[in-house]
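# Coordinate analysis (summary)
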Amino acid sequence: MNPAKICLEKRTSTWVLTFCLLLGGLLAYQNMSRLEDPEFTIKDALVVTPYPGATADEVELEVTDEIEMAVQKLAQVDEIESRSERGLSTVTVTIKDNYNKETLPQVWDELRRKVNDAQSDLPLGSVDSIVIDDYGDVYGVFFVVYGSDYSYAELKKVVDLLKRELLLVEDVAKVDTLGEQEEVVYVELNRERLALLGVNPLEIVQELDERNLVSDGGRVQVGSEYITLRPTGAYTTVDQFNQLLISTSNGKQFYLRDVGRVTREYTEPISEAIRYNGNNAIALGISTISGGNVITMGEALEVRMDELMSEIPLGIEFGIVSLQSDAVAKAISSFIESLIQAVLIVIVVLFLFMGIRSALLIGVILVLTIIGSFMLLEPMGVALERISLGALIIALGMLVDNAIVVVDGVLIGLQRGKSATKAAIDVVGQSLVPLLGATVIAVLAFAAIGTSQDSTGEFCRSLFQVIMVSLLLSWVIAVTVTPLFCVLFLKRTATDGEAAKDPYGSKFYRGYRSFLVACIRFRWTTVGVVVGLFFASIFGFTHIKQSFFPPSTRPQFMVDFWMPQGTHMDHTIAEAARFEETILSYDSVTGVSTLLGRGGLRFLLTYTPEDSNESYVQFLIDVDDSEVIDDLILDLEEDLRNQFPDTLGYGFKFEVGPGSNGKIEAKFSGPDKEVLRSISEEAV
């Protein structure tokens, strides 16, 4: 069965197919999800267990080991890492690569059950473990709220307003914060006065525990109404706590102010903070729903923020740490430009070799194939992101091959005196199966990437899907729509009374035929040359810099900064502020966000936040041009060594795909800590 013959006989159906591909593709393109990176499942979960007052060794022996043994009972576990520090155990659980976003929720449920079963084996004084399985959520919008004239409490009011309102915006899944400081009321008791009065401090604690408790005051019927009673007397100010009358078991009464000092402050020491260009700030991260459109979300957020500005005090400012919607919009705009350039290049090149009609016809087929591909990719869940857009650009050079074969075959048939219809039917009949075979081979060349079960395969799956769909569609269009276009737009070059012209009779083809004959005649020489070129290419390949994912061209990079372990948070903040001034002194730097005590929210798929550590600082540095990052990293690392000789500091570019910042990773394990420290120092 010849599809070209069927399509030419039923031209109306072929035109319907063409317009369906065009209109359906355009509609699907408008509805496709738009993201910076593909949706990717981070197969890590955190098991966090506080153990207040315990040393790091006690945390490891009494808590971390118990949690690890419970988690190891899961068959799905690939790797377990743990961190034991004073008062806190953090266990990172990594699941095997063959589990995906559909199967992982069940794995997390099993993990919770194992962790809950282990709670009875934990020591008294430890707090129930928390399993954090949304560790991989990506916050496409990450910005800070700051104001030099406002306190944290005043900033928090603004942040609370934004959290409440922005959660209702289209395509928003979750709104989280970073750097909030909790306000508390401190009561510092005077031990001498308590001893003089013979008062047990626990009695004061009990009295304080009974304050501000919410309880049901009952109801009372008044006429036809049933009115709820709400008790008053809640303490809302420090003065009210000072006026609290304490009655002890020995019959004594006194005010709280008589035996202690009551103050309202922030929790000390703080565990995390964020600064923006030297200003104290609070950060908000906003994630997109699964399958959502980050561009639509960004535009809706901008509209809602404009509406809320009337409720935000003057002097409150906003700083952008990361905004995916801008990056995605630029990427899609770049793809459109690449598509236009590719079509123009195809038309120009084919015009030189095949004529203007053939060039325009193949250019139209190329555009139709790409647009039609969206109609098939959208139901498959493929989003417009860096991998899928890159795949379309890669496919541009291959999508014209099938159409060129058909158009060139029709042109040759016309030169030989055939009618356009006859030439189209003949060329499709001859090349139908060979073209399909070549197309399938081209698709299978990318199958190893798209079907791999590891993290790279999941990240790059859309590469295989896009190339598979677009190339197979190009074959379908080449044997259906293209013959119709050839019949309509290509003219016959030989008249009925004119002898058919040999299309391969030119000097170029005669010379090429002679070259092929010589290669076949001296076949062993030909084989030797080919083998030599093969080994030469293998040798040359060893001298090519290898990297599956190139460094990001994002105009932002990181500097990780570790103070000596055990450094007080206040000192960490002071030293970070000093280095901020150094960073901002560089002309190419446009801004710096300083994360203190932990990494930030995961604002990029490839960004892995650092766990809580009061000695840790991360600088996210914005520059005016990504080309200056390499030199700037070297300069800043030199500044770190000179200004802070007792610290560690390294600069990193963001990665495009899965991986880590370190190019070389080593892991040492063994029972003797002193030996491990010695080996690690030698490795450094």
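Position numbers for residues start from 1 in each chain and track the written sequence from start to end. In keeping with the model being predicted, local features are shown solely for residues with a pLDDT of at least 70 and side-chain atom pairs are shown and tallied solely at 80 or more, while totals for entire chains, interfaces and linings include all residues. As a rule here, side-chain values come from all non-hydrogen atoms in the structure, and water together with hydrogens is ignored.

Here the focus is the overall build of the protein chain. Secondary structure is summarised from DSSP: a helix means a run of H or I of at least four residues, a strand means a run of E of at least two, and numbering begins at the N terminus for each. Counting secondary structure elements, the protein chain contains 22 helices and 19 strands. By principal-axis analysis of the C-alpha atoms, the protein chain measures approximately 130 × 80 × 55 Å. By the convention used here, residues are in contact when the closest approach between their heavy atoms is within 4.5 Å. Residue pairs in contact within the protein chain that sit at least 24 positions apart in sequence constitute 78% of those at least 6 positions apart. Averaging the coordinates of the 55 positive side-chain charges in the protein chain and doing the same for the 93 negative ones gives two points 12 Å apart. Positive charges are assigned to Lys and Arg, negative charges to Asp and Glu, while His and the chain termini are left out of the count. Taken as the charge location is NZ of Lys, CZ of Arg, CG of Asp or CD of Glu.

Moving on to the side chain of Glu68. Inspection of the secondary structure assignment puts Glu68 in helix α3 (residues 56-71). Other than its neighbours up to four places away in sequence, Glu68 contacts Ile80, Ser82 and Val91.

Only residues whose relative accessible area exceeds 30% and that form no salt bridge are eligible for patches; like-charged ones are grouped when within 9 Å, while nonpolar side chains (Val, Leu, Ile, Met, Phe, Trp, Tyr) are grouped when within 5 Å. Each accessible area value is a Shrake-Rupley result obtained with a 1.4 Å probe; residue values ignore everything except the protein chains displayed when judging cover. By convention in these notes, a salt bridge is any Lys or Arg side-chain nitrogen within 4 Å of a carboxyl oxygen on Asp or Glu. A cluster of nonpolar side chains, contributed by Ile345, Val348, Val349, Phe351, Leu352, Phe353, Ile356 and Leu360, occupies part of the molecular surface with about 830 Å² of accessible area. Top element by residues in the nonpolar patch is helix α11 (residues 324-354). It accounts for six residues. Tracing the backbone shows Leu352 in helix α11.

What follows is about the packing of aromatic side chains. The rule is short: rings of Phe, Tyr and Trp, with Trp giving its six-membered ring, pair when the centres are within 6.5 Å, and they are stacked under 30 degrees, edge-to-face over 60, tilted in between. Taken as a whole and judged by the stated rule, the model has 16 aromatic pairs. Ring centres 5.6 Å apart and planes at 20° place the aromatic pair Phe142 and Phe603 in the stacked group. One end of the pair, Phe142, is in strand β5 (residues 141-146); the other, Phe603, is in the loop between β17 (589-596) and β18 (616-623), and 461 residues separate them in sequence. Residues Phe142 and Phe603 agree in their burial class; the two are buried. A network of ring pairs unites the aromatic residues Trp15, Phe19, Phe485 and Phe489 as a single cluster. Definition used: whenever NZ (Lys) or CZ (Arg) falls within 6 Å of the ring centre and also within 35 degrees of the ring normal, the charge is taken to sit over that ring. Sitting above the plane of the Tyr255 ring, Arg257 keeps its charged end 4.4 Å from the centroid. Burial classes: relative accessible area under 20% of the type maximum marks a residue as buried, over 50% as exposed, and values in between as partly exposed (1.4 Å probe, protein chains only).

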